[in-house]
Amino acid sequence: FLGIDVGTGSARAGIFDEHGKLLKSASSPLQIWKEGNCIEQSSTDIWLAVCAATRAACQLANVSGEDIASVGFAATCSLVAVGEDDSPVTVSWSGDARRNVIVWMDHRAVEQAERINSYNSPVLQYAGGALSPEMQPPKLLWVKENLNESWAVAFRWMDLSDWLTYRATGDDTRSLCTTVCKWTYLGHAHMQQMNMKNTKAMDACGWDDVFWQEVGLGDLVEGHYAKIGKSVAFPGHSLGAGLTGTAAQELGLCEGTPVGAALIDAHAGGIGVIESVPSSNIKSQEEEKMEALCHRMVLVCGTSTCHMAVAQNKIFIPGVWGPFWSAMVPELWLTEGGQSATGALLDHLVENHVVAPLLANRAASQNISLYELLNRTLESMAHEIQAPFVASLSKDVHVLPDFHGNRSPVADPSAKGMISGLTLDSSEKQLAVLYLSTVQSIAYGTRHIVEHCNAHGLKIDTLLACGGLSKNSLYIREHADIIGFPVILPRERESVLLGAAILGAVSAKKYSTLQDAMKALNAPGQVFYPSQDPKVKKYHDAKYRIFRALYEQQVSFRSLISDALG
């Protein structure tokens, strides 16, 4: 089973066997343009990278195209514009036709999001009460208002993962995951059509005409929403006749290989990990199994972090996206919290520090990552000063990690990062403490999301983590200690790739349902339990109060300055 994941910086391909074990994977870098709040990519470049990664993975695994039973795609929720002939349509001020993808983390449409939210449309209750500028309607409105020619010639507006399946199969059916989570589509309009054993593409009946018309995008209603999706399908639905001849040749695979309807990358991570619990945690009865899923939250930790939880009933949580019906696990309601910059924030603070080049060279000479070197530095610092525990090294430094706004649960895109406790020290040890404080602040943010969700009706008591940051033991240990729940890592660390591969396996009818495929191909790995030392809990409880106070102070400062500038 081949899984393909297009992230922010690279396209990756992974080949899995029938036990969910990764045979080999490969990646290919992506070009990205950043100019202020505008962050753009090229769908042409993305497809070339997908093909390169796929061919390299097959070569490394020593498998031929004939050996690949199916293909599944996952990608960031970036926005792709193409013309009637499928050529790229620019979304850039530069006019560069290659730049036809607005990257998920692009914040050009903050003003449009605020305007859309002011209408208080009923669809907003399924997005935590307000649309983020990272969702598609604000970005579409920005293009319409700023790039008239592009708006006029764009024939299809697509989430990146839907564009990938379209490019692979020629089938323009959109995934319930992308349309529901990023486009305000009401997936529960299809509740009566829930029969995964005989799944088919469905006419899109979950769009709200009034919403699109009142926000100024009524022209998208034309042709039964032809430009943004007139048919939808459950994730894993088999698209078209599989790979087209052209796509198969480019990928080095066989024409007709089944391709499943896609997922957003974080949601694929959810599919690839949520059943990865030790056997002692697994309930026997089917109903109890479904209930057990509802006690888990998946942290997909990469450039950003998504917090995925499911429930059997719809639960509205202010400031948290959803509830989204069948957007990840069919028949369950998905709630999606998030932090817009986690891995990106750590990279920003560490790589821009004056000692970063020196440490990077030292890490390379020891054949370890820069972050592993910092983890070791913290251990030796704690030993040197006989600190009660490593986490206490951050006692004088407090961080608010909202350097790219707050996605959840405050839902404040204008929030800023804060650091308290800086001195003139710019040593390696100072960087190590700043890094530790930042990791802890991200974990405090997750604690805030978990507490907020549970206060509004969820029942989270177990965390599962995947993504690049989950490979950092300090990062996971701090999350377990700060939140007070066990954190389970999957056996296969490439959970997003596995989730994508699961979609393909379902499309090829290797499993009758997505749930069956998840149970067969997920497997648990290491478990991090919270510290039993009461001093650790007391310390983090105190720092968590400071964390919450930092944002309250920022809002107060904002108000003071606003009044002063009148």
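Thresholds, definitions, all that
Residues numbered from 1 in each chain as written. Predicted model: local features only at pLDDT ≥ 70, side-chain atom pairs only at ≥ 80, totals over all residues. Heavy atoms only, no water. Phe/Tyr/Trp six-rings, centres within 6.5 Å; stacked < 30°, edge-to-face > 60°. Buried < 20%, exposed > 50% of the residue type's maximum accessible area, 1.4 Å probe, protein only. Helix = DSSP H or I, 4+ residues; strand = E, 2+ residues; numbered from the N terminus. Polar contact = N/O pair within 3.5 Å; in protein donor to acceptor, adjacent residues only side chain to side chain. Contact = heavy atoms within 4.5 Å. Salt bridge = Lys/Arg side-chain N within 4 Å of Asp/Glu carboxyl O. Expected span 1.5 Å × (residues − 1). Domains from an automatic or database assignment. 1 Å grid on protein atoms, 1.4 Å probe; cavity = no way out; pocket = protein on both sides within 12 Å on 5 of 7 lines; lining within 4 Å. Points joined across faces, edges and corners; volume = space filled by probe spheres on them. Nonpolar A, V, L, I, M, F, W, Y, C, P; charged D, E, K, R; others polar. UniProt positions renumbered as here; feature names shortened; annotations may be inferred. Axes fitted to C-alpha atoms, helices over the stretch in contact; angles between N-to-C directions. Parallel < 35°, antiparallel > 145°, perpendicular 65-115°, else oblique.

**Examining the packing of aromatic side chains**
Logical step 1: Following the criterion strictly, the structure yields 15 aromatic pairs and no others.
Logical step 2: With a centroid separation of 5.8 Å and an interplanar angle of 75 degrees, the aromatic rings of tryptophan 207 and tryptophan 212 are classed as edge-to-face. Just as tryptophan 207 is buried, tryptophan 212 falls in that class too.
Logical step 3: With a centroid separation of 5.9 Å and an interplanar angle of 45 degrees, the aromatic rings of tyrosine 444 and phenylalanine 547 are classed as tilted. Remark: phenylalanine 547 occurs in helix α19 (residues 534-565) and tyrosine 444 occurs in helix α15 (residues 428-455); sequence separation between them is 103 residues.

**Let's talk about the side chain of histidine 540**
Logical step 1: In this structure, histidine 540 sits in helix α19.
Logical step 2: Taking the relative accessible area as the measure of exposure, histidine 540 reaches 0% and is therefore buried.
Logical step 3: At a separation of 2.9 Å, a polar atom in the side chain of histidine 540 contacts the side chain of tyrosine 444.
Logical step 4: Leaving out residues up to four positions away in the same chain, histidine 540 has contacts with Ala391, Gln440, Tyr444, Arg447, Glu478, Asp481 and Ile482.

**What to know about the pattern of salt bridges**
Logical step 1: Going through the model one piece at a time under the given rule, you end up with 30 salt bridges.
Logical step 2: The partner of glutamate 145 in a salt bridge is arginine 115, and the shortest N-O contact between them spans 2.7 Å. Taken together, the residues span a long stretch of sequence, with glutamate 145 in helix α3 (residues 136-146) and arginine 115 in helix α2 (residues 110-117) at a distance of 30 residues.
Logical step 3: On the basis of relative accessible area, glutamate 145 is assigned to the partly exposed category, the value being 37%.
Logical step 4: Across the salt bridge formed by arginine 407 and glutamate 134, the nearest N and O atoms sit 2.9 Å from each other. Separated by 273 residues along the polypeptide, arginine 407 in the loop between β18 (398-400) and β19 (418-420) and glutamate 134 in the loop between α2 and α3 bring together distant segments of the chain.

**Structural notes on helix α14 (residues 370-384)**
Logical step 1: The first and last C-alpha atoms of α14 sit 21 Å apart over 15 residues, in line with the 21 Å expected at 1.5 Å per residue.
Logical step 2: Turning to α14, its buried residues number three or more, namely Leu370, Tyr371, Leu373, Leu374, Asn375, Thr377, Leu378, Met381 and Ala382.
Logical step 3: Positioned one or two residues after α14, glutamine 386 has a phi angle of 55 degrees, which is positive.

**Focus: the domain arrangement of the chain**
Logical step 1: Here the chain is partitioned into domain 1 (2-266) and domain 2 (350-442 + 534-565).
Logical step 2: On a C-alpha basis, the centres of domain 1 and domain 2 stand 35 Å from each other.

**Section: the layout of surface pockets**
Logical step 1: The volume enclosed by the largest pocket comes to roughly 600 Å³.
Logical step 2: Lining the largest pocket are 31 residues, with Asp5, Gly7, Asp265, Gly302 and Thr303 sitting closest to its centre.
Logical step 3: Where the lining of the largest pocket is concerned, the elements lending two or more residues are β2 (10-16), α10 (265-273), β14 (296-301) and α17 (495-507).
Logical step 4: A total of three residues in the lining of the largest pocket trace back to one element, the largest contributor, which is α10.
Logical step 5: Residues that form the lining of the largest pocket fall into these classes: nine nonpolar, 12 polar and 10 charged.

**Things to note about the UniProt feature "domain: Carbohydrate kinase FGGY C-terminal" (unreviewed entry) in the chain**
Logical step 1: Those residues carrying the UniProt feature "domain: Carbohydrate kinase FGGY C-terminal" (unreviewed entry) are residues 298-508 in this numbering.
Logical step 2: In the segment residues 298-508, helix accounts for 41% and strand for 18%; the C-alpha atoms at its two ends are 26 Å apart.

**A closer look at the packing of α15 against α19**
Logical step 1: Between α15 and α19, the least distance of the axes is 10 Å, while the angle of their chain directions is 80 degrees. With respect to α19, the element α15 is oriented roughly perpendicular. Residues Ser437, Gln440, Ser441, Tyr444, Gly445, Arg447, His448 and Glu451 of α15 form the contact with α19, whose participating residues are His540, Asp541, Lys543, Tyr544, Phe547 and Arg548.
Logical step 2: Taken together, the residues of the contact of α15 with α19 sort by class into three nonpolar, six polar and five charged.

**Here we look at unusual backbone geometry**
Logical step 1: Omega for the peptide link from glycine 322 to proline 323 comes to 5 degrees, which places this bond in the cis form.
Logical step 2: Within the secondary structure layout, proline 323 lies in strand β16 (residues 321-325).
Logical step 3: Here the residue pair serine 408 and proline 409 is connected by a cis peptide bond, since its omega of -5 degrees sits within 30 degrees of zero.
Logical step 4: Looking at the element boundaries, proline 409 is found in the loop between β18 and β19.
Logical step 5: The residue asparagine 120 is not glycine, and still its phi comes out positive at about 50 degrees.

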